[in-house]
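Residues per chain, in single letters:
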Amino acid sequence: MAFSDWIRQNTPPDARIGVNDTGAHKYMSDRYVIDLIGLTNNKLRGAYFGGWGTIFDTLMRMPDEERPDYLLIHPNVFLNGIDESVAQSFLRPVYSLRVQNPIITAGDTETLYEVRWEYALLEPEKTYLVREGVQPLDTLNVGDVADEKRHEYKISGRLPSFAEPKSILTTSAYDESGFSMSESGRRHSGWEEFIVKSIPGKPLVVVSRSRLNPEAGQRLMVWAKVSSEWRQVGLWESTNERDTAWQEYEFTIPAEYITGEHAVIRIDTTFDPGGPGFTSYRYWVFAP
């Protein structure tokens with residue numbers, strides 16, 4: 001109730017606010033409120049379980065006039081990865097309030113963030129460094145649960161006891177003078193598997209969007225399923241030569257592994273026990 005009163009006095013009358021605890025805010029803030037769990041908008045139903053990146057993807061598909069200008073949440077209780085978005089300027093903390101009696105709330109601190117949509121102006125659907133202007137056979141947006149379902153996406157941690165990682169949101173640019181792009185992804189230390197379109201008997205070029213740490217390297221084993229059997233294709237090695245900017249890398253699966261109109265691919269880091277794991281954001285596949 002105290003935060004609802006603060007919002008009514010300190011935000012523009014036409015402000016749109018995404019909340020995870022709709023209750024009093026819906027009735028007392030006198031503002032347009034979107035419940036991020038999905039109580040007031042079916043588009044967001046279930047997105048919370050996918051993580052912060054999944055919620056972002058859902059919001060990005062909404063018309064501009066429906067997207068929230070602010071998020072009012074219990075950080076790191078309701079959503080994972082908010083601190084990263086704050087550090088990357090996509091979210092700007094505006095005001096926090098400590099709940100004295102948090103029995104019926106998600107946490108003892110509630111924070112209002114301004115969503116800075118200008119940090120998500122660059123289109124994430126296309127490549128900018130590799131195969132520019134070439135139409136891909138297929139794409140997979142990691143973190144978008146609807147797209148993951150279409151590609152039968154699976155993910156596993158290095159240890160079977162680890163739960164599947166929730167999606168994250170990363171904000172960066174391709175160059176210093178260009179617009180920023182915010183992209184959902186998943187960070188883990190195991191493997192991920194998915195199905196993409198292919199052309200029988202033709203090589204398949206896999207392109208990945210990544211954002212490695214400065215001077216970091218990545219070693220991944222690529223597998224392909226041929227006649228219901230997994231076959232090791234080769235080692236995908238990449239290094240970061242672009243500091244903290246977005247990076248794109250490609251790997252070619254030879255034609256002998258592509259036998260149908262769809263290919264099943266596994267990107268695996270478990271063979272390298274000392275490796276850093278990896279974070280995937282988006283995949284494209286091309287037939288050269």
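Residues numbered from 1 in each chain as written. Predicted model: local features only at pLDDT ≥ 70, side-chain atom pairs only at ≥ 80, totals over all residues. Heavy atoms only, no water.

Participant: Talk me through the sheet that holds strand S3 (residues 70-73); I want residue IDs and the actual numbers.
Facilitator: With mixed pairing, five strands are arranged side by side in an open sheet as S2-S1-S3-S5-S4. Each edge of the sheet is formed by a strand with only one pairing partner; in this case those strands are strand S2 (32-35) and strand S4 (91-98). Averaged over all neighbouring strand pairs, the angle between strand axes comes to 25°, with direction disregarded. Two elements, S3 and strand S5 (residues 109-115), share four bridges in a ladder whose sense is antiparallel. (Pairing = 2+ DSSP bridges. Helix = DSSP H or I, 4+ residues; strand = E, 2+ residues; numbered from the N terminus. Axes fitted to C-alpha atoms, helices over the stretch in contact; angles between N-to-C directions.)

Participant: A description of helix H1 (residues 2-10) should follow, citing residues and the corresponding values.
Facilitator: Among all positions in H1, only Phe3, Ser4, Trp6 and Ile7 are buried. Projected down its long axis, H1 carries its buried residues within an arc of 160°, all on one side. Facing away from the buried side of H1 by more than 90 degrees, the exposed set consists of Ala2 and Gln9. (Buried < 20%, exposed > 50% of the residue type's maximum accessible area, 1.4 Å probe, protein only. Arc of directions from axis to C-beta.)

Participant: Residues and numbers for the sheet that holds strand S11 (residues 204-210), please.
Facilitator: If you walk across this open sheet you meet the four strands as S6-S17-S11-S14, and the pairing is antiparallel. For this open sheet the edge positions go to strand S6 (138-141) and strand S14 (247-253), each flanked by a neighbour on one side alone. Ignoring which end each strand starts from, the neighbouring axes of this sheet average 15° apart. For S11 and S14, the ladder comprises seven bridges, and the chain directions are antiparallel. Bridge pairing links Arg209 to Glu248 in S14.

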